[in-house]
Amino acid sequence: VDTVKKNVRARESSTTYFPNGMGDVYLTSYPEEDYWNYTKLVYEYMTRADVYGDYAYSEECFNDLIKIVTLCRENNIELVAYISPIHVLMLEGIIASGKGEVYEKWKRRLAEIVPYYDFSGYNVITEDRYLSNEMYYFIDTSHCSPVVGEFIIKVLLGTRPSGLPENFYMYVDSDNVDDNIARLD
């Protein structure tokens with residue numbers, strides 16, 4: 001219910017939308033060559049209460065996930081979990097805004113419940129050209145392009161696309177979650 005309310009408020013706000021349908025909640029235009037200005041804007045995005053600023057870890061959400069995992073296991077349904085890739089600027093925003101420890105806690109708790117593929121982290125794909133309306137792998141800092149979506153689908157189906165960087169993803173469970181988190185350093 002809270003999510004729906006926030007979405008309604010966001011739609012009613014002065015948010016502008018790009019032709020691709022993505023909302024521009026913190027920028028009115030993309031700066032072309034000003035990395036530090038863009039980084040500051042991502043930091044603002046992570047700290048604004050109407051975006052991610054009021055994010056808090058929720059065990060209640062994990063209880064819902066446990067119910068889903070249990071239901072799948074009881075009905076012999078294969079559940080494949082994954083964390084979507086995020087642009088390094090978003091990852092840096094998480095860290096700079098003081099939410100890095102919460103992000104790590106979230107990943108650890110997820111691994112206790114269900115193994116998952118983690119496509120977030122530092123690599124050639126997530127370091128796609130920032131400050132450019134010509135980014136190839138991302139639409140914005142939290143939404144990857146269809147090309148990356150195809151990579152993810154292939155990995156989840158057990159094939160590895162040629163040319164995919166070795167560190168683009170990691171299969172994570174409770175035994176190696178600390179190794180996965182170390183990739184963020």
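The present account deals with the structure reproduced in this document. Owing to the predicted nature of the structure, the values given are computational and were not obtained by experimental measurement.

So, the environment of Cys144
Phase 1 of the analysis: Tracing the chain through its elements places Cys144 in strand 6 (residues 143-144).
Phase 2 of the analysis: Taking the C-alpha atoms as reference, Cys144 lies 7.0 Å from Pro85; in sequence the two are 59 residues apart.
Phase 3 of the analysis: Not counting the four nearest positions on each side in its chain, Cys144 is found in contact with Pro85, Tyr137, Phe138, Ile139 and Gly149.

Brief notes about the sheet that holds strand 3 (residues 81-83)
Phase 1 of the analysis: Taking strand neighbours across the sheet as the criterion, the three strands line up as 3-4-7 in an open arrangement whose pairing is mixed. Of all the strands in the sheet, the pair left with one neighbour each is strand 3 and strand 7 (170-172). Between one strand axis and the next, the sheet turns through 25 degrees on average, direction left out of account.
Phase 2 of the analysis: Bridge analysis of strand 3 against strand 4 (residues 116-118) gives three bridges, and the strand direction is parallel. Bridge pairing in strand 4 links Tyr82 to Tyr117.

Focus on the side chain of Asp118
Phase 1 of the analysis: Mapping Asp118 onto the fold places it in strand 4.
Phase 2 of the analysis: Classification of Asp118 by relative accessible area gives buried; the value is 0%.
Phase 3 of the analysis: Polar contacts involving the side chain of Asp118 include one to the side chain of Asn180, which spans 2.8 Å.
Phase 4 of the analysis: Apart from the residues lying within four places of it in its own chain, the contact partners of Asp118 are Ile83, Lys107, Phe168, Tyr169, Met170, Val172, Asn180 and Arg183.

Describing the packing of aromatic side chains
Phase 1 of the analysis: Counted according to the given criterion, the structure contains ten aromatic pairs.
Phase 2 of the analysis: Ring geometry for Tyr136 against Tyr137: centres 4.9 Å apart, planes inclined by 75 degrees, an arrangement best described as edge-to-face.
Phase 3 of the analysis: An aromatic cluster of at least three residues, connected via ring pairs, comprises Tyr82, Tyr117, Phe119, Phe168, Tyr169 and Tyr171.
Phase 4 of the analysis: Here the guanidinium or amino end of Lys105 rests over the ring plane of Tyr57, the centre of that ring lying 4.2 Å away.

With respect to the packing of helix 3 (residues 59-74) against helix 5 (residues 100-113)
Phase 1 of the analysis: The geometry of helix 3 relative to helix 5 is characterised by a closest axis approach of 10 Å and an angle of 25 degrees between their N-to-C directions. By the angle class used here, helix 3 and helix 5 are roughly parallel. Where helix 3 crosses over helix 5, the two elements pack in a sense that is right-handed. Contacts between helix 3 and helix 5 pair Glu59, Phe62, Leu65, Ile66, Val69 and Arg73 from the former with Trp106, Arg109, Leu110 and Ile113 from the latter.

Remarks on the pattern of salt bridges
One side chain can pair with another of opposite charge once the charged atoms of both are near each other.
Phase 1 of the analysis: The full count for this structure, using the stated rule, is six salt bridges.
Phase 2 of the analysis: Note that Arg108 and Glu104 form a salt bridge whose closest N and O atoms lie 3.9 Å from each other. On the criterion of helical spacing, the pair formed by Arg108 and Glu104 is a turn pair, its members being four residues apart in helix 5.
Phase 3 of the analysis: You can call Glu104 partly exposed: its relative accessible area is 22%.
Phase 4 of the analysis: In this structure, the salt-bridge partner of Arg160 is Glu166, at a minimum N-O distance of 3.8 Å.
Phase 5 of the analysis: Among the ionic contacts, a cluster of salt bridges with common partners joins Glu59, Arg109 and Glu112.

Reading guide: rules and limits
- Residues numbered from 1 in each chain as written.
- Predicted model: local features only at pLDDT ≥ 70, side-chain atom pairs only at ≥ 80, totals over all residues.
- Heavy atoms only, no water.
- Helix = DSSP H or I, 4+ residues; strand = E, 2+ residues; numbered from the N terminus.
- Contact = heavy atoms within 4.5 Å.
- Pairing = 2+ DSSP bridges.
- Axes fitted to C-alpha atoms, helices over the stretch in contact; angles between N-to-C directions.
- Buried < 20%, exposed > 50% of the residue type's maximum accessible area, 1.4 Å probe, protein only.
- Polar contact = N/O pair within 3.5 Å; in protein donor to acceptor, adjacent residues only side chain to side chain.
- Phe/Tyr/Trp six-rings, centres within 6.5 Å; stacked < 30°, edge-to-face > 60°.
- Lys NZ or Arg CZ within 6 Å of the ring centre and 35° of its normal.
- Parallel < 35°, antiparallel > 145°, perpendicular 65-115°, else oblique.
- Left-handed = near helix turned anticlockwise from the far one by under 90°.
- Salt bridge = Lys/Arg side-chain N within 4 Å of Asp/Glu carboxyl O.

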